[in-house]
Amino acid sequence: MNRWLLGLLLGLSQVIWAQAPTQEVVLSASAGSKLGIAVPSPQVAGIGEGQAKRDFHDVLLRDLEEAGPFAVLKDRQPKAADASGVKAWVEAGADWLVSVKLGRPVVEGADRVARTVGDELEVVAQVVDVKSSKAIFTKKYRGKDAALGRIAHSLSDDLVARLTGEKGVAGTRIVFVRQLSPLIKEVFQVDRDGSNVVQLSHHRSLTLSPSVAADGRLAYMTYKGGPPEIWGQRRVAGAFERLFPSKNGPQGPCMAPAWSPDGKRMVFVQGDRRGNTDIMVLDVESGRARRITDSNCINTEPSWNPAGTQIAFTSDRGGTPQIYLMEDDGSNVRRLTVEGSYNASPSWSPTGAMIAYVSRFEGKFDLFVYKLGEGKSYQITTGVASSESPDWSPDERRLVFSSGSRGGMQLYATDLSGNTLRRLTDFAGCQSPKWTRSR
Amino acid sequence: MRYASYIVPATALVVIGAGLACKPPKTQEQIQQETQAAFNEGVQAFKDGKARDTNPYVNDKENPHKAKAWFDGWDKAKADKAEADRKAAEDKAAADRKVPEDEARRKSEAAAEAARKAESEKLAAYRRAAEAALKDINFALDKSAIRDTDKPKLQAVADFLKGFPQAKVQIEGHCDERGTTEYNLALGERRAYAAKSYLAGLGVAEGRLATITYGKERPKVQGKDEESWLVNRRCEFKLQ
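## Some words on the overall build of chain B
And then number 1: What chain B contains, in helices and strands, is six helices and four strands.
And then number 2: When the helices and strands of chain B are placed in sequence order, the string is α-α-α-β-α-β-α-β-α-β.
And then number 3: The C-alpha atoms of chain B give 51 Å as radius of gyration, which overshoots the globular expectation for 240 residues (18 Å, by more than 25%).
And then number 4: Its C-alpha atoms give chain B principal-axis dimensions of roughly 160 × 40 × 25 Å.
And then number 5: Buried residues in chain B amount to 27% of all 240 residues.

## Points about the overall build of chain A
And then number 1: Scanning chain A for helices and strands turns up four helices and 32 strands.
And then number 2: Classification of the 439 residues of chain A by burial places 44% in the buried group.
And then number 3: Partitioning the contacts of chain A with sequence separation of at least 6, the portion at a separation of at least 24 is 43%.

## So, the nonpolar core
All names here are of chain A.
And then number 1: Ranked by internal contacts, the top residues of the largest apolar core, which has 76 residues, are Met266, Phe268 and Leu282.
And then number 2: The residues touching Phe268, leaving out its near neighbours within four places in the chain, are Ile230, Phe244, Cys254, Met255, Ala256, Pro257, Met280 and Leu282.
And then number 3: Residues Val72, Ala94, Val100 and Leu102 belong to the second largest nonpolar core, which totals 34 residues.

## Some words on the interface of chain A and chain B
And then number 1: Facing the 25 residues of chain A at the interface are 16 residues of chain B.
And then number 2: Grouping the constituent residues of the side of chain A that touches chain B by class yields eleven nonpolar, eleven polar and three charged.

## Description of the domain arrangement of chain B
And then number 1: Here the domain parsing of chain B yields domain 1 (29–125) and domain 2 (134–239).
And then number 2: Each of domain 1 of chain B and domain 2 of chain B has a C-alpha centre, and these two points are 76 Å apart.

## A closer look at the sheet that holds strand S3 (residues 209–215) of chain B
Residues and elements named next belong to chain B.
And then number 1: Strand order in the open sheet made by the four strands is S1-S4-S2-S3, with mixed pairing throughout. The open sheet has two free edges, formed respectively by strand S1 (137–138) and S3, since each of these has just one partner strand.
And then number 2: Pairing analysis gives two bridges linking S1 to strand S4 (residues 234–239), with the strands arranged antiparallel. Along S4, the bridge assignment pairs Asn138 with Arg234.
And then number 3: Helix H5 (residues 181–201) rests against S1, strand S2 (169–174), S3 and S4 of the sheet, and its axis sits at about 155° to S3.

## Details of H5 of chain B
All names here are of chain B.
And then number 1: Between its first and last C-alpha, H5 extends 30 Å over 21 residues, near the 30 Å set by a 1.5 Å rise per residue.
And then number 2: With 18 of 21 residues buried, H5 is to be regarded as a mostly interior element.
And then number 3: Within two residues after H5, Gly203 carries a phi angle of roughly 100°, on the positive side.

## A look at the domain arrangement of chain A
Residues and elements named next belong to chain A.
And then number 1: Each assigned domain of chain A is listed here: domain 1 (31–164) and domain 2 (173–436).
And then number 2: Distance from the C-alpha centre of domain 1 to the C-alpha centre of domain 2: 38 Å.
And then number 3: If you look at the interface, domain 1 gives seven residues, while domain 2 gives seven residues.
And then number 4: Here the element with the most residues in the side of domain 1 that touches domain 2 is helix H2 (residues 49–67); it accounts for five residues.
And then number 5: By residue class, the composition of the side of domain 1 that touches domain 2 is one nonpolar, two polar and four charged.

## A word on helix H4 (residues 148–164) of chain A
All names here are of chain A.
And then number 1: Helix length check: H4, at 17 residues, gives a terminal C-alpha distance of 24 Å against a target of 24 Å (1.5 Å per residue), a fit within 8%.
And then number 2: Those residues of H4 lying buried are Leu148, Gly149, Ile151, Ala152, His153, Ser154, Leu155, Ser156, Asp157, Leu159, Val160 and Leu163.
And then number 3: Packed against the buried residues of H4 are strand S1 (35–38), H2, strand S7 (121–129) and strand S8 (134–143).
And then number 4: Note on H4: the residue one or two positions beyond its end, Gly165, has a positive phi of about 80°.

## Notes on the sheet that holds strand S26 (residues 364–371) of chain A
Residues and elements named next belong to chain A.
And then number 1: Taken together, the four strands give an open sheet; going across it, the order is S24-S25-S26-S27, and neighbouring strands pair in antiparallel fashion. Single-partner strands in this sheet number two, and they are strand S24 (343–348) and strand S27 (376–379). When strand polarity is set aside, the average angle formed by the axes of neighbouring strands in this sheet is 30°.
And then number 2: With four bridges joining them, S24 and strand S25 (residues 354–361) adopt antiparallel strand pairing. In the strand pairing of S25, Trp348 is matched with Ile355.

## Examining the environment of Glu177 of chain B
Residues and elements named next belong to chain B.
And then number 1: Following the sequence through the fold, Glu177 ends up in the loop between S2 and H5.
And then number 2: The spacing of Glu177 and Trp229 is 52 residues in sequence and 7.3 Å in space, taken between C-alpha atoms.
And then number 3: Ignoring any residue separated from it by four or fewer positions in sequence, one finds Glu177 in contact with Lys216, Pro219 and Asn232.

## Considering the packing of helix H2 (residues 28–47) of chain B against helix H3 (residues 64–133) of chain B
All names here are of chain B.
And then number 1: It is the contact of H2 with H3, at a shortest axis distance of 7 Å, that shows an interaxial angle of 40°. With respect to H3, the axis of H2 lies oblique. Relative to H3, the crossing made by H2 is right-handed. Residue-level contacts link Ile31, Glu34, Thr35, Ala38, Phe39, Asn40, Glu41, Gly42, Val43, Ala45, Phe46 and Lys47 of H2 to His65, Lys66, Ala69, Trp70, Phe71, Asp72, Gly73, Trp74, Lys76, Ala77 and Lys78 of H3.
And then number 2: Split into classes, the residues belonging to the contact of H2 with H3 amount to eleven nonpolar, five polar and seven charged.

## Brief notes about the confidence of the model for chain A
And then number 1: For chain A, per-residue confidence averages 88 on the pLDDT scale, and 89% of positions sit at 70 or higher.
And then number 2: In the model, residues 1–31 of chain A has pLDDT below 50 throughout and makes 28 contacts with residues more than four positions away in sequence or in other chains.

## Notes on the environment of Ile323 of chain A
Residue and element names in this part refer to chain A.
And then number 1: Along the chain, the position of Ile323 falls in strand S22 (residues 322–327).
And then number 2: Given 24 C-beta atoms within 10 Å, Ile323 falls into the buried group.
And then number 3: Sequence spacing of Ile323 and Leu121 is 202 residues, and the spatial spacing of their C-alpha atoms is 51 Å.
And then number 4: Among residues more than four places away in sequence, those in contact with Ile323 are Ala312, Thr314, Leu336, Thr337, Asn343, Ala344, Pro346 and Tyr357.

## What to know about the pairing of S25 of chain A
Residue and element names in this part refer to chain A.
And then number 1: Extensive coverage of S25 is indicated by the burial of eight of its eight residues.
And then number 2: On S25, burial covers both faces: Met354, Ala356, Val358 and Arg360 on one face and Ile355, Tyr357, Ser359 and Phe361 on the other are all buried.
And then number 3: Counting the residues that bridge the hairpin from S24 to S25 gives five residues, and of these Gly352 lies at a positive phi of roughly 90°.
And then number 4: Alignment of S25 against S26, held across eight bridges, turns out to be antiparallel. Note on S26: the bridge partner recorded for Met354 is Lys371.
And then number 5: Linkage of S25 to S26, two consecutive antiparallel strands, is achieved through a turn of two residues, within which Glu362 is found at a positive phi near 50°.

## A closer look at the environment of Asp193 of chain A
Residue and element names in this part refer to chain A.
And then number 1: Here Asp193 lies in the loop between strand S10 (184–191) and strand S11 (198–199).
And then number 2: As for Asp193 and Ser331, which are separated by 138 residues in sequence, their C-alpha atoms are 40 Å apart.
And then number 3: What Asp193 contacts, discounting residues up to four positions off in sequence, is Val59, Arg62 and Asp63.

## Observations concerning the pairing of S1 of chain A
Residue and element names in this part refer to chain A.
And then number 1: Strand direction decides the pairing type here: S1 and strand S3 (residues 70–72), joined by three bridges, are parallel. Within S3, the residue paired with Gly36 across the bridge is Ala71.
And then number 2: Judged from the two bridges that link them, S1 and strand S4 (residues 96–103) form a sheet pairing that is parallel. By the bridge assignment for S4, Ala38 is matched with Leu97.

Cut-offs applied
As a convention, each chain's residues are numbered from 1 in the sequence order in which they are written. Each chain is given a letter, starting from A, and each ligand a number, starting from 1, according to the order in which they appear as written. pLDDT decides what is reported in this predicted model: residues at 70 or higher carry local features, side-chain atom pairs at 80 or more are listed and counted, and totals for whole chains, interfaces and linings draw on all residues regardless. Working definition: helices are DSSP H or I runs of at least four residues, strands are E runs of at least two. Numbering for both runs from the N terminus. Only the C-alpha atoms count toward the radius of gyration. The rule for a globule is 2.2 Å times the residue count to the power 0.38. Exposure classification rests on a simple neighbour count of other C-beta atoms within 10 Å of a residue's own: a residue reaching 20 or more is buried, one at 12 or fewer is exposed, and one in between is partly exposed. C-beta atoms are placed from the backbone. Note that contacts rest on C-beta atoms placed from the backbone: two residues are in contact if these are within 7 Å. By convention in this section, buried Ala, Val, Leu, Ile, Met, Phe, Trp, Tyr and Cys residues joined through C-beta atoms within 7 Å make up a nonpolar core. Residues are sorted three ways: Asp, Glu, Lys and Arg are charged, Ala, Val, Leu, Ile, Met, Phe, Trp, Tyr, Cys and Pro are nonpolar, and all the rest, Gly among them, are polar. Where a domain begins and ends is set by an automatic assignment or by a domain database. Strands pair, by our definition, only if DSSP identifies at least two bridges between them. The convention used is that axes are lines fitted to C-alpha atoms, helices contributing only their stretch in contact, and that angles between N-to-C directions extend from 0 to 180 degrees. Under the convention used throughout, the expected extent of a helix is 1.5 Å for every residue step, that is, one less than its residue count. Note on angle classes: values under 35 degrees are labelled roughly parallel, values over 145 roughly antiparallel, values of 65 to 115 roughly perpendicular, and the remainder oblique. For a crossing to be left-handed, the near helix must be turned anticlockwise from the far one by less than a right angle; the clockwise case is right-handed. As a per-residue quantity, pLDDT reports the predictor's confidence and falls between 0 and 100.

The following block contains the structure:
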């Protein structure tokens, strides 16, 4: 009788816990502690000002805003002509003033007539520390007209490196799944800022769950052969081929591949034909796979830690979907999430310090980040619609995810404070984004 | 005067004779008409069964064209008849060959038609039975247990499979749109296996039941309400 009562009390307390997940919001550096950066319109020669604004200046401003350490000045800017008037810039809140000259390089020939050289553009960027009035950065970039956006990304990354010593992510890309028709989904990629959408897989079938290795090799699951299989590239820029199941290996539907950080192994999920799904680790070179979970339940959504020694995954072994951690041989399984009735889709951060995941609360899903050092979860999104499939930017400052606020799922990226939430796509039917530096 | 009785008639005779002897030469047109007439006579003579040597103009030295035209007509008529006879014989031979072929074809076509009809009726009956028996079953949120209300539906699936021993079924496991892509794929696999295992319990050989999961990737309806979600949390039974 006492045990019954105790059980009831425990159950009740769990229900109460489940109703009150952590509502705290991660506060990253506020605008006050960010470096004020002013980027007046570039001085343009040889190309149209509209082209310079659209293809370069707007791209650069968005890059700097999303980079993280900068507060980009938008309003009340002194005129560019007053660039020497330091006081005006200080009053506007600028620490750095970025001056850009954009045009076709000109040389004066022996006949003393100036001519443009080739069809390339030249971008000269100079950064002045406003308070000391010293030039702290000068760099010249060259490229064809179509490369203006890439030049803006390079400049943004160089400024991040100048300030923080870290490598920026302006020129990175996102691989994702896009629905093309009711029965067809394919793998695509898009630039970090939403430009240059490119189709990567062409199976005319249901193709899901992409993973990108550190050297750019792609893997995914596809229904092109009937039951889902793992396909991918054994060599960089190689053809897509079936990686699992092999002819002699265990059969059963294969899902959710993820390259190990060194690109030699792959963790994925295989059904055991008894309704259970287990985590498998495949040695890609030899084609041999090892089952590292074995229980009568669902085990899925494996995600490596950056050292390639541990795997986070989702399992319903406790009755509801929760996130667990284990060593890469399946030992030392421990439960990570304790609140809520549905925690899933773990994604280990690039330094290994955090795990992003989704949690169901009041019928919809929001993004959370679990800080391993603190043993605490922080809520990142509080949207009206469900947000899914978080994945980290390579610099660990942002998360990309899919969310269905209006007319279908689209891709979004946000910093951990939610201050610079941006939509990347302008078409519906997007899912499973993976952020990569290597494509 | 006594000679006058001779001279006058003689003269008259001479005059008449000369008149007769000096007939004017025939025109080209006349010759053509005569040739055509003789030709037609020759044709008619052949048709009347007369021999070639009955040519009436063969001795008419003054009109050799008539004799030639008559022969031409007779020869032409004979050649025409030979050609017509040959053709008729050919047609007859062809017709003689054709009769049994047609007969055989008609028979086999009728047989095939009957077989087709029987086959398509059988197929239609099979399809009707499948359509009547293979109804979706649904699941509670996050669950893969077979609901009591769906057990009669699974019994109908089992009865259908017993009634058509050749039939094989693929069980598709589906989920509603809520939850993650990969977890729902695993959940769909579970639902498909739950249905398969229940059917096996009703005596259906497992080899006739394939399973596949589509997770939340292929919803049946697009709504975002409880009713639509229940419709989408399902197993479908597809003939293989």
